[in-house]
Amino acid sequence: MGDPKLRRRHGESSHSNESSSAYADEKKKELGPASQPIPFSTKHRPAMLLVTALASITTFYKIWYPSEVVFDEVHFGKFAGFYLKRTYYFDVHPPLAKLMLAAAGYLLGYDGHYDFANIGEDYIKNNVPYVGLRILPATLNVFNVAIIYNIMKQSGYSVLTCALTAALYALDNSMVSQNRLIMLDSMLIFYMLLTVYSYIRFRQYRHQPFTASWWIWLTATGVAMASTVSVKLVGLFVVGSIGVCVLVDLWALLDIKRGLSMNQFMRHFNARALCLIVLPIGIYLFWFWVHFTILDQSGPGDTFMSAKFQETLKNSAIKLKSLDIHYYDTITLQHRDTDVFLHSHNLHYPLRYDDGRISSQGQQVTGVKEKDENCYWRVLPTKEVKEDEKVKVKHNDVIRLEHIGTNTVLLTHDVASPLLSTNEEITTTAPDTRYNETRFRVVLDDYNNGNTWATWMKGVKLMHVNTNVALWTRDVALPDWGMGQQDVNGNKNVKDKSNFWMATEIKGLNATEINLNKKKNIRKMWFISKFFELQSRMLSHNAGLTKPHPYQSTPITWPFLIRGISYWSKDATREQIYMTGNLFGWWLSVGGVAVYAGIMLADVLARRRGLEPIDEPIRNRFITSAGFFVILWLFHYLPFFAMGRALFLHHYLPAQTCNYLLLGAVFQFMFIDGVDSPVSRMEGAKPLHHKLIRMKSALTQVSWAAAAVILIGQFAMFVFLSPLTYGTPGMDVAQVIQHKLLNSWDLQFAK
């Protein structure tokens, strides 16, 4: 056994004269007769006000500058405007934060007239109340500092630790630059921290189950958790974090030594299921109900949704252009991804290609950007249909396509395409020849919501019946013999999402005129159907965001700030906003993770040898509280390694926030003697043999000195990087190079 003084770390204990063996395990301490938690220091309030004031200064400093669109304000400012105009839009994120921005705009008298088209456009010239819109996320960023302070306070940390942890966040350049702009991350972190705070408060009442306070904080956890997911789907990371803790809690309650009957255990289980599963789902659904209720007008998001969904919107421009396609209609087909029209002409493929392969010398079928007379195709049936019957073309029908300009029929066969030897050649043939090779199956992309092929509303994949390839094109031009037009071929990868085409016109029919003469009926659709359709579109579109970006980065580089993001720059004044974190605080946080892992490993090894180097109250606090922060950090960081989409440094901000909480816990363990224990409400806890050990932390000169060094380092780095955070003042080449602390930073005006 280790020295009791070492194990107690000189904390002030009500049993300081007892030997170390008097310490009970965590459970026994919780159930001891001392029922009141350690009272919080009266210094907490002024300390919290001080760090909140600091956050107000760093966040609101020159919030009006720049008076131009910055980075993703082009998206989220625009989305707020769509709510105010009630026009439907599509985004990969849930609606809560954007609804909050729209509400702020409404209160400011903004009508959503500005389209936030480009970074650098002037807000003042366009009469946009941008300062008022920025105030909302900025205010929440200040609240985040106060919540961080209270998370540490309610977890039983000293005033110094609480203030230091909150100050580290307040002086982080990335948090300031990101969370004072018209973007969503401030709301995301706010609700995430609120979830953490509420769950800690709920755990404080674990010995008083089903009391009013117990229910209030359990419900608050569920509400905050649902709100986090309602801002961004990455809010599921906090759901996972809390979920793990709840499962551990339930597993402990199931232990027969806890003395709970199965009926009592099921009461605990059902309460958590109600507040942490059913309630959050209801709240998440509610915000989408608000979303659909407001956005009842046709808008730019129409094309992402099904035809059935689009018919629920008022004044749908696409619906106005849409007509059902019948057999013998003459149509144009436009590729959905590359926008070229299916085209053919009297030119033929060369007998021999440059690589020596032989072609069929059939008529060329290509793609062209500009529609002409050679882009019209007549839909022919493969079953008995009279031309005057007006029979609609349905999903899974088999058709033939006659090229009007050359009186030939579309065909593919087992001959390699000109540019891709793995794919099949697309050509045409005379109408009365090679019938089986001219049959294509109509596969609609949204056949569950209406199985009739229609212009503009239904994407179509044309599958060759004989060889099972799909009509396909890509943005690659043919050589001179193909007049530089786009290559069209038969794609053997039939699941490729780029196989779809859109019929855009029926020759001889004016769709707008026909539809204007029809009665305009707004179709109804069950909310739950709209909800699940939008969720599917959000997930698939988010997964498809793989296009490279000049400022994207990989998760392994984020904790070390290897690369930031250029948010805004102005050539005339050599000013720029470069989103990067406080290098001192971020690297120190990485060290905090390493220290935590090292201490836990050393403790495990020591106990394996029968040694107890750390006092049980201190060890318990370090494992449970700091361990909770580790779980939060891991859940908000590790999942990004499995994502295939383009990622950026700002995706790490919630994880970095959790890392600051962990750093505070490590600081307390290393530099402050003892802990404040207990912090839970003990009324109702069953007494066991051992008395509860009451302990209060004690600050030393080393504590103050360590905090001062950390705070000075964080403040100095914040001030040094502030020109990149606030976008002012401008810097000459030498100053830019001086601020380029890492060679991998992509600063503007460095030469």
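Residues numbered from 1 in each chain as written. Predicted model: local features only at pLDDT ≥ 70, side-chain atom pairs only at ≥ 80, totals over all residues. Heavy atoms only, no water.

Draft legend 1. Examining the overall build of the protein more closely. Helix and strand content of the protein: 21 helices and 16 strands. Principal axes of the C-alpha set define a box for the protein whose edges measure 105 × 70 × 60 Å. Among the 751 residues that make up the protein, the fraction classed as buried is 55%. Pairs at least 24 residues apart make up 75% of the contacts formed inside the protein by residues separated by at least 6 positions. For the protein, the exposed area adds up to about 32400 Å²; of that, 60% sits on carbon and sulfur atoms. Of the side-chain charges in the protein, 76 are positive and 61 negative, and the distance between the mean point of each set is 9 Å. (Helix = DSSP H or I, 4+ residues; strand = E, 2+ residues; numbered from the N terminus. Buried < 20%, exposed > 50% of the residue type's maximum accessible area, 1.4 Å probe, protein only. Contact = heavy atoms within 4.5 Å. Areas by Shrake-Rupley, 256 points an atom, 1.4 Å probe, with all protein chains shown as cover. Lys, Arg positive; Asp, Glu negative; His and termini not counted. Charge placed at Lys NZ, Arg CZ, Asp CG, Glu CD.)

Draft legend 2. Quick look at the packing of aromatic side chains. This structure, assessed with the given rule, holds 47 aromatic pairs. When the centroid spacing of 5.8 Å and the interplanar angle of 65° are considered together, the rings of Phe292 and Phe309 count as edge-to-face. With Phe292 in helix α12 (residues 262-294) and Phe309 in helix α13 (residues 307-310), this pair connects stretches of sequence that are 17 residues apart. For the residue pair Phe292 and Phe309, the accessibility class agrees, reading buried in each case. Joined through ring pairs, the aromatic side chains of Tyr88, Tyr284, Phe288, Phe292, Phe309, Phe527, Phe531 and Phe532 make up one cluster. (Phe/Tyr/Trp six-rings, centres within 6.5 Å; stacked < 30°, edge-to-face > 60°.)

Draft legend 3. Expanded view of the domain arrangement of the protein. Each assigned domain of the protein is listed with its residue range as follows: domain 1 (185-288) and domain 2 (323-510). The centre of domain 1, based on its C-alpha atoms, is set 55 Å off from the matching centre of domain 2. (Domains from an automatic or database assignment.)

Draft legend 4. Geometry of the pairing of strand β7 (residues 408-416). Where strand β6 (residues 398-403) meets β7, two bridges bridge the pair, whose relative direction is antiparallel. From the neighbouring strand, Glu402 faces β7, where its bridge partner is Val409. In the sheet, β7 pairs with strand β8 (residues 424-429) via five bridges, with the strands oriented antiparallel. When the bridges of β8 are listed, Leu411 appears paired with Thr427. (Pairing = 2+ DSSP bridges.)

Draft legend 5. Broad picture of the nonpolar core. Of all hydrophobic cores here, the largest spans 152 residues; its most connected members are Ile151, Tyr567, Phe628 and Phe629. Per-element accounting of this core gives the leading share, 12 residues, to helix α9 (residues 185-204). One finds Leu323, Leu401, Val442 and Leu462 within the second-largest nonpolar core, a separate group that totals 31 residues. (Core = buried A, V, L, I, M, F, W, Y, C linked by side-chain atoms within 4.5 Å.)

Draft legend 6. Quick peek at helix α19 (residues 653-671). Here α19 contains 19 residues, and its C-alpha end-to-end distance of 27 Å stays within 8% of the 27 Å for a straight helix at 1.5 Å per residue. For α19, a buried count of 17 out of 19 residues is recorded, marking the element as mostly surrounded by other parts of the structure. (Expected span 1.5 Å × (residues − 1).)

Draft legend 7. Broad picture of the pairing of β6. Along β6, six of the six residues are buried, which leaves the element largely enclosed by surrounding structure. Alternating residues of β6 divide into Val398, Arg400 and Glu402 and Ile399, Leu401 and His403, and every residue in both groups is buried. Where strand β5 (residues 377-381) lies against β6, five bridges are found, and the strand directions are antiparallel. Paired with Leu380 across the strands is Arg400, a residue of β6. Here β6 pairs with strand β9 (residues 440-444) via two bridges, running antiparallel. Pairing of Ile399 across the sheet is with Phe440, part of β9. Hairpin remark: β6 followed by β7, antiparallel, with four residues in the connecting loop; positive phi at Asn407, about 55°.

Draft legend 8. Up close: the packing of helix α6 (residues 130-154) against helix α7 (residues 159-170). Put simply, α6 and α7 touch, their axes get as near as 8 Å, and they point 155° apart. Judged by the inter-axis angle, α6 sits roughly antiparallel to α7. Crossing angle aside, the handedness with which α6 passes α7 is right-handed. In this structure, α6 uses Asn141, Asn144, Val145, Ile148, Tyr149, Met152 and Lys153 to contact α7, whose residues at the interface are Val159, Thr161, Cys162, Ala163, Thr165, Ala166, Tyr169 and Ala170. Partitioned by chemical class, the residues of the contact of α6 with α7 number 10 nonpolar, four polar and one charged. (Axes fitted to C-alpha atoms, helices over the stretch in contact; angles between N-to-C directions. Parallel < 35°, antiparallel > 145°, perpendicular 65-115°, else oblique. Left-handed = near helix turned anticlockwise from the far one by under 90°. Nonpolar A, V, L, I, M, F, W, Y, C, P; charged D, E, K, R; others polar.)

Draft legend 9. The environment of Val469, seen in detail. By the secondary structure assignment, Val469 is in the loop between β10 (459-464) and β11 (470-477). By relative accessible area, Val469 is classed as buried at 2%. A sequence separation of 108 residues divides Val469 from Gln361, and the C-alpha atoms of the two residues are 20 Å apart. Apart from the residues within four sequence positions on either side, Val469 is in contact with Thr412, Glu424, Leu462, Met463, His464, Gly490, Asn491, Lys492 and Val494.

Draft legend 10. Local environment of the UniProt feature "domain: MIR" (unreviewed entry) in the protein. The positions UniProt marks with the feature "domain: MIR" (unreviewed entry) are residues 322-382 and 451-506. End C-alpha to end C-alpha, residues 322-382 measures 25 Å, and it is 0% helix and 41% strand. Structurally, residues 451-506 comprises 0% helix and 46% strand, and the distance from its first C-alpha atom to its last is 18 Å. (UniProt positions renumbered as here; feature names shortened; annotations may be inferred.)

Draft legend 11. How the structure looks around unusual backbone geometry. Cis geometry is found at the peptide bond from Tyr65 to Pro66, where omega equals -5°. Tracing the backbone through its elements, the reader meets Pro66 in the loop between α3 (44-60) and α4 (73-85). For the peptide bond that leads from Thr728 to Pro729, omega is 0°, which places it in the cis range. Tracing the chain through its elements places Pro729 in the loop between α20 (701-726) and α21 (733-739). One non-glycine residue, Arg434, lies in positive phi territory at about 50°. Within the fold, Arg434 resides in the loop between β8 and β9. One non-glycine residue with positive phi stands out, namely Met483, at about 60°. Here Met483 is to be found in the loop between β11 and β12 (486-491). Given the relative accessible area of 54%, Met483 is considered exposed.

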